[in-house]
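Working through the structure, step by step
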There are 2 protein chains.
Amino acid sequence: MSAPSTPPAAADTRPPARGRPPRLDQTRTVEAALVLLDASGLDALTMRRLADAVGVQAGALYRHFATKQDLLTAMAERMLEGCSAPPSDPDWSGRLTALARRMRTALLAHRDGARVYAGTHSTGANTLGFAETFIGVLSEAGFGPQEAARTALTVVHYTVGHTLEEQAALQPGDQGPADPGQLREAVTAGGFPHLTAALPVLTGADFTAQFEFGLGLLLQGLRALHRAGSGPAA
Amino acid sequence: MSAPSTPPAAADTRPPARGRPPRLDQTRTVEAALVLLDASGLDALTMRRLADAVGVQAGALYRHFATKQDLLTAMAERMLEGCSAPPSDPDWSGRLTALARRMRTALLAHRDGARVYAGTHSTGANTLGFAETFIGVLSEAGFGPQEAARTALTVVHYTVGHTLEEQAALQPGDQGPADPGQLREAVTAGGFPHLTAALPVLTGADFTAQFEFGLGLLLQGLRALHRAGSGPAA
DNA sequence: ACCTGAACACCGTTCAAGT
DNA sequence: ACCTGAACACCGTTCAAGT
């Protein structure tokens, strides 16, 4: 909530740190949690294992995070660090594309990143800053606040939905044991002609092309909406 | 895999049911699991509680589902029942809209339905049938198999992403304790002007309008792509 | 063949007690 | 103030033994 450096104007009279200095703090814990996440995945991220990793008993974590859910929220918030800088593309649709790509990249940067993000609702500076930048780009493009908000939600939902699937497909055994083979077999055995023709794409691994296709659809639709009249004063 | 009634042509020589008849079968178990899901939510759906609900010990469930993940997959598959019937709208974009709405409705029909769906990868008849119908509509509209597959994935990802968020917002305490109030406070305290203007939509509850907005964007983009040339032989 | 009973190896969370 | 140790009330999963 408050800026971490230079507290603006508050009664900063906390007693000079009685007892010994804490061996743990939120930042270090979140960092360790993300390392553990990358190494073992979300299902293996337990409070006990995290406590082990930071050299503490499990109960001690609850002095810094009230629940595991709070920890996950802090992790999601941390993932979006650096995503809210204003993009530098010349036109608004390029700026929007950049923001969407940035979010996918941030989620992909950690194993099960999309799952962590989808399961939380951070109201931290990174999350809110990203939304502010996103809606700001749309505002400056001439969209009203309602259309801007709806558009931002749409793009985020699409990005999360896509990346969830992408990361699920990326690592086998996590939730779907034999996706490519099993799907292929079920489709051909079941007699689904259109599905059979689509199999190469459905079992293909070009997730970036898939993401860009959907994002392109969204932006094309948005450009049509823009033309249709949400001008400077619509 | 095989049709439940009238097995076509197979050596149906299983011995006449030695021992006593099973008290459990997959269908009944999945139905009970969905009832339990609706009553208590995904986090409270445990193998032990489900066993209790069907009047059996927890271990007995493993004779019908190898893992809990398999049970969840069967539940997701069951949720899509009736979604693959060909839609009757006159134009292809209306048919696509109908299919997307149908999927959202199916996920919304059960508490945490989107979360269950997003966590599984069914290759059952309902899931595959829905995909077949979806891609079929696009094929008949003149899209090639690649564009049809990419479009289907895009719409499904968007629908899942949206409904995940919708169901998370619907019930408080499940993963975000005080979304509306907490978000409102954080936004106004943090000084996010565009976000503040967008707050009414972001904290609003008209999820259908939000879903339709994004779906409209997607379809508008798709119509542009259709015009651009994926004609009968593209 | 199907289910019970009991166990194994864990969970998230709480809280007195220590320092 | 911060952490330990130990407990509480659970998990998913396995498997001998019963019927």
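Residues numbered from 1 in each chain as written. Chains lettered and ligands numbered in written order. Predicted model: local features only at pLDDT ≥ 70, side-chain atom pairs only at ≥ 80, totals over all residues. Heavy atoms only, no water.

**Some remarks on the protein's contact with DNA strand C**
Selection rule: Throughout this document, a residue counts as near a molecule or strand when at least one of its heavy atoms sits within 4 Å of that molecule or strand. Two N or O atoms form a polar contact when they lie within 3.5 Å of each other; inside protein one atom must be a possible hydrogen donor and the other a possible acceptor, and for residues adjacent in sequence the pair counts only when both atoms belong to side chains. Numbering of helices and strands runs from the N terminus, with a helix taken as a DSSP run of H or I at least four residues long and a strand as a DSSP run of E at least two residues long.
Near DNA strand C there are 18 residues, and of these Arg48, Tyr62 and Lys68 of chain A together with Arg23 and Gln57 of chain B occur at the shortest range. At 3.5 Å, a side-chain N or O of Arg49 of chain A approaches a phosphate oxygen of DNA strand C. Within the side chain of Tyr62 of chain A, an N or O atom sits 2.7 Å from a phosphate oxygen of DNA strand C. Residue contributions to the surface near DNA strand C peak at 3 residues, all from helix 2 (residues 47–54) of chain A.

**Regarding the relation of the copies chain A and chain B**
Definition in use: Least squares is used to superpose the copies, and the fit set is the C-alpha atoms of residues whose pLDDT is at least 70 in both copies. Contacts: residue pairs with any heavy atoms within 4.5 Å of one another.
The two copies are related by a screw motion: chain A maps onto chain B through a turn of 180° and a shift of 0.0 Å along the axis, at an RMSD of 0.0 Å. When the rotation and shift are considered jointly, the pair of chain copies conforms to a two-fold rotation axis. Interface overlap between copies is the fraction of interface residues in one copy that are interface residues in the other; for chain A against chain B it reaches 100%, indicating a shared surface.

**Some words on the pattern of salt bridges**
What counts here: Within this document, salt bridges are pairs made up of a side-chain nitrogen of Lys or Arg and a carboxyl oxygen of Asp or Glu, the two lying within 4 Å of each other. Partly exposed describes any residue whose relative accessible area lies between the buried limit of under 20% and the exposed limit of over 50%, with all areas from a 1.4 Å probe on protein chains only and scaled to the type maximum.
Using the criterion set out here, one finds 12 salt bridges over all chains in the structure. Taking the shortest distance from any N to any O, the salt bridge between Arg104 of chain B and Glu166 of chain B comes out at 3.0 Å. Taken as a pair, Arg104 of chain B in helix 4 (residues 92–108) and Glu166 of chain B in helix 7 (residues 145–170) lie far apart in primary sequence, 62 residues in all. What makes Glu166 of chain B buried here is its relative accessible area of 5%. What emerges from the salt-bridge pattern is a single network uniting Glu31, Arg78 and Glu81 of chain A.

**What to know about the packing of helix 1 (residues 26–40) of chain B against helix 2 (residues 47–54) of chain B**
Residues and elements named next belong to chain B. We apply this condition: Note on method: axes are straight lines fitted to C-alpha atoms, helices fitted across the in-contact stretch only, with angles between N-to-C directions ranging 0 to 180 degrees. Each angle gets one of four labels, with under 35 degrees taken as roughly parallel, over 145 as roughly antiparallel, 65 to 115 as roughly perpendicular, and the rest as oblique. Handedness of a crossing is defined here by the sense of rotation of the near helix relative to the far one, left-handed for an anticlockwise turn of less than a right angle and right-handed for a clockwise turn. Each residue is assigned to one class: nonpolar for Ala, Val, Leu, Ile, Met, Phe, Trp, Tyr, Cys and Pro, charged for Asp, Glu, Lys and Arg, and polar for all the others, Gly among them.
One way to put it is that helix 1 packs onto helix 2 with a least axis distance of 10 Å and a crossing angle of 115°. Of the possible angle classes, the one that applies to helix 1 and helix 2 is roughly perpendicular. In terms of crossing hand, the pair formed by helix 1 and helix 2 is right-handed. In this structure, helix 1 uses Arg28, Thr29, Ala32, Ala33 and Leu36 to contact helix 2, whose residues at the interface are Arg49, Leu50 and Val54. Of the residues contributing to the contact of helix 1 with helix 2, the split by class is 5 nonpolar, 1 polar and 2 charged.

**What to know about the confidence of the model for chain A**
Note the following rule: Confidence of the prediction at every residue is given by pLDDT, a number between 0 and 100.
Scored by pLDDT, chain A comes out at a mean of 89, with 86% of its residues at no less than 70. Contacts from residues 1–15 of chain A, a stretch scored under 50 in pLDDT, to residues over four places away or in other chains number 1 contact.

**Looking at the packing of aromatic side chains**
The description of an aromatic ring pair uses the distance of the two centres, along with the angle that the planes make with each other. Residues and elements named next belong to chain A. Just so we agree on the cut-off: Any two rings among Phe, Tyr and Trp, with Trp reduced to its six-membered ring, count as a pair given centres within 6.5 Å; such a pair is stacked if its planes are under 30 degrees apart, edge-to-face if over 60, and tilted if neither.
Using the criterion set out here, one finds 6 aromatic pairs over all chains in the structure. Ring centres of Phe130 and Phe134 lie 6.0 Å apart, and the angle between their planes is 70°; on these two criteria the pair is classed as edge-to-face. Taken together, the residues Phe130 and Phe134, both in helix 6 (residues 125–140) and 4 residues apart, mark about one turn of the helix. Of the two residues examined, Phe130 and Phe134, each falls in the buried class.

**Regarding the environment of Cys83 of chain B**
All names here are of chain B. In this fold, Cys83 is placed in the loop between helix 3 (68–79) and helix 4. Residue classification places Cys83 among the buried positions, given a relative accessible area of 3%. The sequence separation of Cys83 and Thr29 amounts to 54 residues, and the corresponding C-alpha distance is 21 Å. When residues no more than four places from it in sequence are discounted, the contact partners of Cys83 are Leu99, Arg102, Ala106 and Phe130.

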